[in-house]
Amino acid sequence: MSSIVDTLYELKYNPFEYGQHIASFYTAVGESENNLLFAPLIIPLCSHPIFGQKLFNSNKRSTIWSVFDDRAKLYDLQERIHGFQTLTEQCIQYCLINDWLSVNEQILSILPCNDSDSKFTCQKSAEKLGRLLGGHSVVEVYAFLGVKPR
């Protein structure tokens, strides 16, 4: 029974699907120092049953305070970050292999590759999350969401 559950989990949460979320996020967030530390937040927030839909429905006037207005519903975010850690790493590796993203080690930043021949399908919720977090520091976002980076 365990193998069936594991197989269904891997079908739903795989780097081929969520790699596009990572690439969409970093295309929208812009270049900033330490933006690599946003990566553990992308999949847990975009796949969250409540906030994934709120992100998708957000507009230009939305802020992190309006989208994440009820942080009590984020009670499991730290566990989700830990649970999706391996998937996040696999997705980043998949994006780097496909030349969707590149890494700047000096400032710990992930940047989109504009000259990539391989295209990905833009994921709106991840792109909108990138726009929401783009003007904020990593420390500010983690403190606001009440989680600790790993």
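That block above? That's the structure.
Values in this document were obtained by computation on a predicted structure and should not be read as measured data.

J.: Got a minute to help me understand the pairing of strand 2 (residues 109–112) in this structure?
T.: Across a regular strand the side chains alternate sides, sitting on one face of the sheet and then on the other. When strand 1 (residues 101–104) meets strand 2, the two strands line up antiparallel, connected through four bridges. The residue bridging leucine 101 from the neighbouring strand is proline 112, located in strand 2. The hairpin formed by strand 1 and strand 2 contains four residues between the paired strands, and leucine 108 there has a positive phi angle of roughly 50°.

J.: Sorry if this is basic, but what is going on with the environment of valine 141 here?
T.: For valine 141, the position within the fold is in helix 9 (residues 138–145). With 100 residues separating them along the chain, valine 141 and leucine 41 place their C-alpha atoms 9.8 Å apart. Not counting residues up to four positions away in its chain, the partners in contact with valine 141 are Phe38, Leu41, Leu133 and His136.

J.: I would appreciate a short explanation of the pattern of salt bridges in the present structure.
T.: If the charged atoms of two oppositely charged side chains come close together, the side chains can form a pair. Tallied over the entire structure, the rule returns four salt bridges. With its nearest N and O atoms 3.6 Å apart, the salt bridge here joins lysine 124 to glutamate 127. Highlighted residues: lysine 124 and glutamate 127, both in helix 8 (residues 124–133), separated by three residues, approximately one helical turn. In this structure glutamate 127 comes out as buried when scored by relative accessible area, which is 17%. When salt bridges that share partners are traced, they join Lys124, Glu127 and Arg131 into one network.

J.: Teacher, can you tell me more about the nonpolar core here?
T.: Counting residues in hydrophobic clusters, the biggest one holds 40 residues, and the most contacted among them are Tyr26, Phe68 and Leu145. Of all the elements in the fold, those that place two or more residues in this core are helix 2 (15–29), helix 3 (39–46), helix 4 (51–57), helix 5 (64–67), helix 6 (77–83), helix 7 (85–97), helix 8 and helix 9. When sequence neighbours within four positions are dropped, the list of residues in contact with tyrosine 26 reads Asn35, Leu36, Phe38, Ala39, Ile42, Leu101, Ile110 and Pro112.

J.: How should the environment of serine 66 be read in this particular structure?
T.: With respect to the helices and strands, serine 66 occurs in helix 5. For the pair serine 66 and lysine 54, spaced twelve residues apart in sequence, the C-alpha separation works out to 9.6 Å.

J.: Can you help me understand helix 9 in this one?
T.: Residue pairs three or four apart in sequence face the same way in an α-helix, which turns once every 3.6 residues. All of the buried residues along helix 9 are Val138, Val141, Tyr142, Phe144 and Leu145. Buried residues of helix 9, seen end-on, are gathered within an arc of 160° and therefore sit on one face of the element. Those residues of helix 9 that are exposed and aimed more than 90 degrees away from the buried face are Val139 and Ala143. Looking at the buried positions of helix 9, the neighbouring elements they touch are helix 3, helix 5, helix 6 and helix 8. A positive phi of about 75° marks glycine 146, the residue just after helix 9.

Conventions adopted
Residues numbered from 1 in each chain as written. Predicted model: local features only at pLDDT ≥ 70, side-chain atom pairs only at ≥ 80, totals over all residues. Heavy atoms only, no water. Pairing = 2+ DSSP bridges. Helix = DSSP H or I, 4+ residues; strand = E, 2+ residues; numbered from the N terminus. Contact = heavy atoms within 4.5 Å. Salt bridge = Lys/Arg side-chain N within 4 Å of Asp/Glu carboxyl O. Buried < 20%, exposed > 50% of the residue type's maximum accessible area, 1.4 Å probe, protein only. Core = buried A, V, L, I, M, F, W, Y, C linked by side-chain atoms within 4.5 Å. Arc of directions from axis to C-beta.

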